[in-house]
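# Residue-level structure breakdown
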Amino acid sequence: MAFSDVGLPGEVPWKKMSAEELESQYCPSQWGVRLRAEEALRTYSQIGIEATRRARATRKSLLHVPYGDGEGEKLDIYFPDEAAEALPFFLFFHGGYWQSGSKDESAFMVDPLTAQGVAVVIVAYDIAPKGTLDQMVDQVTRSVAFVQKRYPSNEGIYLCGHSAGAHLAAMMLLANWTKHGVTPNLKGFFLMSGVFDLEPIMYTSQNVALQLTLEDAQRNSPQLKVAQVQPVDPTCRVLVVVGQFDSPEFHRQSWEFYQTLCQGEWKASFEQLHDMDHFEIVENLTQKDNVLTQVGPHPWQPFRGRQHRSCCSLLDVQTRSSRPAWSTWRNSVSTKNTKKVSQM
Ligand SMILES: N[C@@H](CC(=O)c1ccccc1NC=O)C(=O)O
């Protein structure tokens, strides 16, 4: 079925796109202005591999810890140098459209965060075609429950995901923890360049491996459900971040998810990261001086009441409510991309 065959209401921009345009909107590597697609993907992968090698060589760690019985249900924990009973735990879920990537090349933020007293957990899950979306969501849920059970005196659990991983992290806003016998001490969500409504993905080449039906897509779309869910902890913050050079569809997805969070009872913030593409957002998390990796002297205080800060970071949030001009931006980037193609 082609998406153009579906008779649909007019307000949703992706439903009016040609199959080719939709494919391009959901191909993040085509939208960077710094590097061509293949090079952008290669650079991202190299930076992830190097950050992971460095984290494993320099940090105290527990690697390949099983959080379930499945072969792929493993996580890596990286600790700060100073031993402490109660640490904040930062869990990262990698991207790759639920069909590529692994924990073994995704320890981007370990160095800057462990240096500031945060334990970082990089979670593996069974990507497609081995895993289905439902299974991945279940695995991620169990990984969070596992960390809470293993470290019950943690100083907060922070969930961070990139792209498809941001989707998986966002699904944790909907999780039913009673089933897992534990309520994780969730204090923050950091959703970077995520996909929150999966329906458009069904009509792209990504669905060859994913095999999502409309029911699968809707069941696994936090965009459709999050406004009806109450936060377990009303102080828990959600930061939705998108790169300036992400595609208009990625901008729309992040902005609409942020708006929906605000319609519910979530304490959400939205940030468009200047001069960054889909991959640079994560690559820059390796840097100690990046705005997103600043924890500050009292990292958890913002979540305990302070509202406004001068910038956003993975461990701090700022309230931003002006709508980004993503449709205007879309035109400018389309022009830019057209130019780039014609220059090749
Ligand atoms: N084939 C995609 C790859 C991709 O989307 C991706 C790659 C690494 C990390 C995140 C990604 N996007 C979403 O999960 C592309 O060319 O952009």
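Cut-offs applied
- Residues numbered from 1 in each chain as written.
- Predicted model: local features only at pLDDT ≥ 70, side-chain atom pairs only at ≥ 80, totals over all residues.
- Heavy atoms only, no water.
- Helix = DSSP H or I, 4+ residues; strand = E, 2+ residues; numbered from the N terminus.
- Buried < 20%, exposed > 50% of the residue type's maximum accessible area, 1.4 Å probe, protein only.
- Contact = heavy atoms within 4.5 Å.
- Areas by Shrake-Rupley, 256 points an atom, 1.4 Å probe, with all protein chains shown as cover.
- Near = heavy atom within 4 Å.
- Polar contact = N/O pair within 3.5 Å; in protein donor to acceptor, adjacent residues only side chain to side chain.
- Nonpolar A, V, L, I, M, F, W, Y, C, P; charged D, E, K, R; others polar.
- Phe/Tyr/Trp six-rings, centres within 6.5 Å; stacked < 30°, edge-to-face > 60°.
- pLDDT = per-residue confidence, 0-100.
- Pairing = 2+ DSSP bridges.
- Right-handed = clockwise from strand over helix to strand, strands pointing away.
- Salt bridge = Lys/Arg side-chain N within 4 Å of Asp/Glu carboxyl O.

## Some details on the overall build of the chain
Each helix and strand in the chain was counted, giving 11 helices and 8 strands. Taking all 344 residues of the chain together, 56% fall into the buried category. Considering only residue pairs separated by 6 or more positions, the chain has 75% of its internal contacts joining residues 24 or more positions apart. When the accessible surface of the chain is split by element, carbon and sulfur atoms take 51% of a total near 14500 Å².

## Thoughts on the site of the ligand
The environment of the ligand is made up of 13 residues, and the closest members are Ser29, Gly96, Tyr97, Ser163 and Ala164. Tyrosine 97 is positioned with one of its backbone polar atoms (N or O) 2.7 Å from an oxygen atom of the ligand. Residue serine 163 places a side-chain N or O atom 2.7 Å away from an oxygen atom belonging to the ligand. Of the residues that constitute the shell around the ligand, the class distribution is 7 nonpolar, 6 polar and no charged.

## Describing the packing of aromatic side chains
Scanning all chains against the criterion turns up 14 aromatic pairs. Ring pairing ties together the aromatic residues Tyr44, Phe92, Phe108 and Phe279, which thus form one cluster.

## With respect to the environment of phenylalanine 93
With respect to the helices and strands, phenylalanine 93 occurs in strand S3 (residues 89-93). Its relative accessible area of 0% is what places phenylalanine 93 among the buried residues. The sequence separation of phenylalanine 93 and glutamate 71 amounts to 22 residues, and the corresponding C-alpha distance is 17 Å. For phenylalanine 93, the contacting residues outside a window of four places in its chain are Val123, Val140, Ser143, Val144, Leu159, Cys160, Gly161, His162, Gly165 and Ala169.

## So, the confidence of the model for the chain
Overall, the predicted model of the chain reaches an average pLDDT of 86, with 83% of residues at or above 70. Long-range and interchain partners of residues 1-10, a stretch whose pLDDT sits below 50, account for 15 contacts in this model, where long-range means more than four residues apart. For residues 297-312, every residue scores under 50 in pLDDT, and the model assigns this stretch 36 contacts once sequence neighbours within four places are set aside. Predicted complex metrics record ipTM = 0.98 and pTM = 0.87.

## Notes on the environment of serine 106
On the secondary structure map, serine 106 appears in the loop between S3 and helix H3 (110-114). By relative accessible area, which is 2% here, serine 106 ends up buried. On a C-alpha basis, the gap between serine 106 and isoleucine 122 in space is 7.0 Å, while along the polypeptide they are 16 residues apart. Once you skip the residues sitting within four places of it in the chain, serine 106 turns out to touch Gly48, Thr52, Phe92, His94 and Ile122. A polar atom in the side chain of serine 106 sits 2.6 Å from the backbone oxygen of serine 102.

## What about the environment of glycine 243?
Mapped onto the elements of the fold, glycine 243 is located in strand S7 (residues 237-243). Accessibility expressed as a relative area gives 0% for glycine 243, which makes it buried.

## Some remarks on the pairing of strand S6 (residues 186-192)
Of all 7 residues in S6, 7 are buried, a share of seventy percent or more. In terms of strand pairing, strand S5 (residues 157-162) meets S6 through 6 bridges, oriented parallel. Its bridge partner being in S6, cysteine 160 is matched across the sheet by phenylalanine 190. Taken together, S5, helix H5 (residues 164-171) and S6 constitute a β-α-β crossover, and its handedness is right-handed. Examined bridge by bridge, S6 and S7 share 5 bridges and lie parallel to one another. Counted as the bridge partner of phenylalanine 189 is valine 238 from S7.

## Some details on the pairing of strand S2 (residues 74-79)
Burial analysis of S2 places 5 of its 6 residues in the buried class, which makes it a mostly covered element. Looking at chain direction, S2 and strand S4 (residues 119-123) are connected through 4 bridges and run antiparallel. From the neighbouring strand, aspartate 76 faces S4, where its bridge partner is isoleucine 122.

## A few points about the pattern of salt bridges
In the structure shown here, the tally under the stated rule is 20 salt bridges. Its salt-bridge partner being glutamate 280, residue arginine 34 comes within 3.6 Å of it at the nearest N-O pair. Here arginine 34, found in the loop between helix H1 (19-25) and helix H2 (37-58), pairs with glutamate 280, found in helix H10 (residues 280-283); they are 246 residues apart in sequence, far enough to count as distant. What makes glutamate 280 buried here is its relative accessible area of 15%. We note a salt bridge from lysine 130 to aspartate 126, for which the minimum N-O separation is 3.5 Å. Overall, lysine 130 belongs to the exposed group, its relative accessible area being 57%.

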